[in-house]
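So the chains spell out like this:
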Amino acid sequence: MNTQTRSRRFFLKAASLLGVSAALGPADLLAVPNTASTARWAHKGVRPLSIASANGLESTARAMHLLRDGRDTLDAVIAGVNIVEDDPDDQTVGYGGLPNEDGEVELDSCVMHGPTGRGGGVAALRNIKNPSLVARRVMERSDHVLLVGEGALHFARAHGFREENLLTDAARERWLRWKETLSNEDDWLPPHGFEDRDLGMNHPDMQEESRREAGWRDERARPTGTINCLAVDANGDISGVTTTSGLAFKIPGRVADSPIIGAGLYVDNAVGAAGSTGRGEANLLALSSFLIVERMRMGDHPTDACLHACRRIAEQTKMKRLLDENGRLKFNVNFYALDKDGRHGAASVWPGKQYAVNDGNEKSHLLDCAALYES
Ligand code: GLY
């Protein structure tokens, strides 16, 4: 049974539970309200929409293309991020992603399907370039929500996913330069004439800070890139996906927010969806995507809900090494959200970030994220 059939079945079941005639169209139905706070999310007929992190211009365009063809929102967002997972030039997601400290690419992803309230994820998955597809398979073909490492790879193999070397020459070279410039105490030497700027570390901030500290602040040094993509269709059905190669040069086995439902992604079909990019450790400690959806349930606009999550992270971060001399966060985290009414927004800790939006045009466009700090 495909997702569309299942979602139709779910829709009819919800209609009958509510005592509503199945002859009514989707736009006439409530979206399975089960509390007073969600009752106000009566479906009003939504303009389909897809949003993503800034690397999702093509992803949101593809997602909307599929929605126009009547495809399920989960099909749409996954097909969208597959473009970036397959792209060797995006070094923060899928094939071509920057590896861990041993030079091995380890990928994380999770998906959520609003109409059925289901989700799945994989973490520290090696050799499979589309972890979002494996995450979906975990959701659909296992009784589990999250598989990691060897177990995730074993499951992917069982389902016929093709294994391949995900480390491109460009990613390997960047990893090698990182390893060769970490310390003067080891035996790894950069090539003759190599300078830090070749790692993208000639930013003015970089000259004042140690490489390690600067790494938190400037994503060019150790990206935590990631793509998050969310979509709502004309029925008000919502899905989302987050997929990443994680923090560049991480300790093998490090897993942060991206594959964790509630942290890197959360979808509640009665309310909306949220997802994240940026320093995943901070988000893991705050479960921000869940928080953002709950804030929207209470009436926040998506932008305000995202800002709330940034503020919460700033309030709960106590470690001095993560704070600057003014007590502000040294790192960035970015949140994206849409609600069932088709409203959307995004916010980052630091200004200068954008997010991708497609509300029905052939091409997607970028909008500025709100920011917690002015500069
Ligand atoms: N947010 C992506 C990561 O930290 O791995």
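This write-up is about the structure you can find in this document. Along each chain, the written sequence defines residue order, and numbers are assigned to residues from 1. Since the coordinates come from a predicted model, pLDDT governs what is reported: local features require at least 70, and pairs of side-chain atoms require 80 or more to be given and counted, while whole-chain, interface and lining totals use all residues. No hydrogens and no water enter the side-chain calculation; it runs on all heavy atoms of the structure.

### With respect to the site of the ligand
- Contacts to the ligand come from Thr 224, Thr 226, Gly 246, Leu 247, Arg 254, Ala 256, Asp 257, Ser 258, Gly 278 and Gly 280.
- N or O atoms closer than or at 3.5 Å make up a polar contact, with two conditions inside protein: a donor-capable atom paired with an acceptor-capable one, and, for residues adjacent in sequence, both atoms drawn from side chains. Here a nitrogen atom of the ligand sits 2.7 Å away from a polar atom, N or O, in the main chain of Gly 278.
- Note on areas: Shrake-Rupley with a 1.4 Å probe; residue coverage comes only from the protein chains shown. Protein burial of the ligand: of its 200 Å² of free accessible surface, 100% is covered by the chains.
- Each residue is assigned to one class: nonpolar for Ala, Val, Leu, Ile, Met, Phe, Trp, Tyr, Cys and Pro, charged for Asp, Glu, Lys and Arg, and polar for all the others, Gly among them. Residues that form the shell around the ligand fall into these classes: two nonpolar, six polar and two charged. What makes a residue near a molecule or strand is one non-hydrogen atom of that residue sitting within 4 Å of it.

### Here's the deal with the pattern of salt bridges
- By salt bridge we mean one thing: a side-chain nitrogen of Lys or Arg within 4 Å of a carboxyl oxygen of Asp or Glu. For the structure on display, the rule yields 18 salt bridges.
- The partner of Arg 172 in a salt bridge is Glu 173, with the nearest N and O atoms 3.6 Å apart.
- Only protein chains enter the accessibility calculation, which uses a 1.4 Å probe; a residue whose area is less than 20% of its type maximum is buried, one above 50% is exposed, and one in between is partly exposed. Under the relative-accessibility criterion, Glu 173 is labelled partly exposed at 31%.
- Its salt-bridge partner being Arg 297, residue Glu 294 comes within 2.8 Å of it at the nearest N-O pair. Of the two residues, Glu 294 and Arg 297 both sit in helix H11 (residues 288–297), three residues apart, roughly one turn of that helix.
- Accessibility expressed as a relative area gives 23% for Glu 294, which makes it partly exposed.
- The class for Arg 297 is buried, based on a relative accessible area of 14%. Strands are runs of DSSP state E lasting at least two residues, helices are runs of H or I lasting at least four, and both sets are numbered from the N terminus onward.

### As for the sheet that holds strand S3 (residues 118–125)
- Read from one edge of the open sheet, eight strands run S4-S3-S2-S6-S5-S1-S11-S12, paired in mixed fashion. Among the strands making up the open sheet, the edge pair consists of strand S4 (146–148) and strand S12 (365–368). In this sheet, neighbouring strand axes are inclined to one another by 15° on average, regardless of whether the strands run parallel or antiparallel.
- Sheet analysis places strand S1 (residues 49–53) next to strand S5 (residues 227–232), joined by four bridges and oriented antiparallel. Residue pairing across strands places Ser 50 opposite Ala 231, the latter belonging to S5.
- In this analysis, two residues are considered to be in contact whenever any of their non-hydrogen atoms come within 4.5 Å of each other. Inter-axis angles, ranging from 0 to 180 degrees, are taken between N-to-C directions of lines fitted to C-alpha atoms, where helices are fitted over the stretch in contact. Those strands touched by helix H3 (residues 57–68) are S1, S5, strand S11 (354–358) and S12, and its axis lies near 160° from that of S1.
- Contacts between helix H5 (residues 131–141) and the sheet are confined to strand S2 (107–113), S3, S4 and strand S6 (238–244), with S3 contributing the most and set at about 135° to the helix. When DSSP finds at least two bridges between two strands, those strands are taken to pair.

### Concerning the packing of helix H4 (residues 73–86) against H5
- H5 packs onto H4 with a crossing angle of 150° between their chain directions and a minimal axis gap of 9 Å. In terms of orientation, H4 and H5 fall into the roughly antiparallel class. Here Leu 74, Asp 75, Ile 78, Val 81, Asn 82 and Glu 85 of H4 come into contact with H5, specifically with Pro 131, Ser 132, Leu 133, Arg 136 and Met 139.
- Looking at the contact of H4 with H5, its residues break down into six nonpolar, two polar and three charged. Orientation labels follow simple angle bins: below 35 degrees gives roughly parallel, above 145 gives roughly antiparallel, 65 to 115 gives roughly perpendicular, and whatever is left gives oblique.

### Considerations on the sheet that holds strand S10 (residues 344–348)
- Strands sit in the order S7-S8-S9-S10-S13 across an open sheet of five strands; the sheet is mixed. Each having just a single partner strand, strand S7 (265–268) and strand S13 (370–371) make up the two edges of the open sheet.
- Helix H12 (residues 302–316) contacts strand S9 (333–339), S10 and S13 of the sheet and is inclined by roughly 20° relative to S10.

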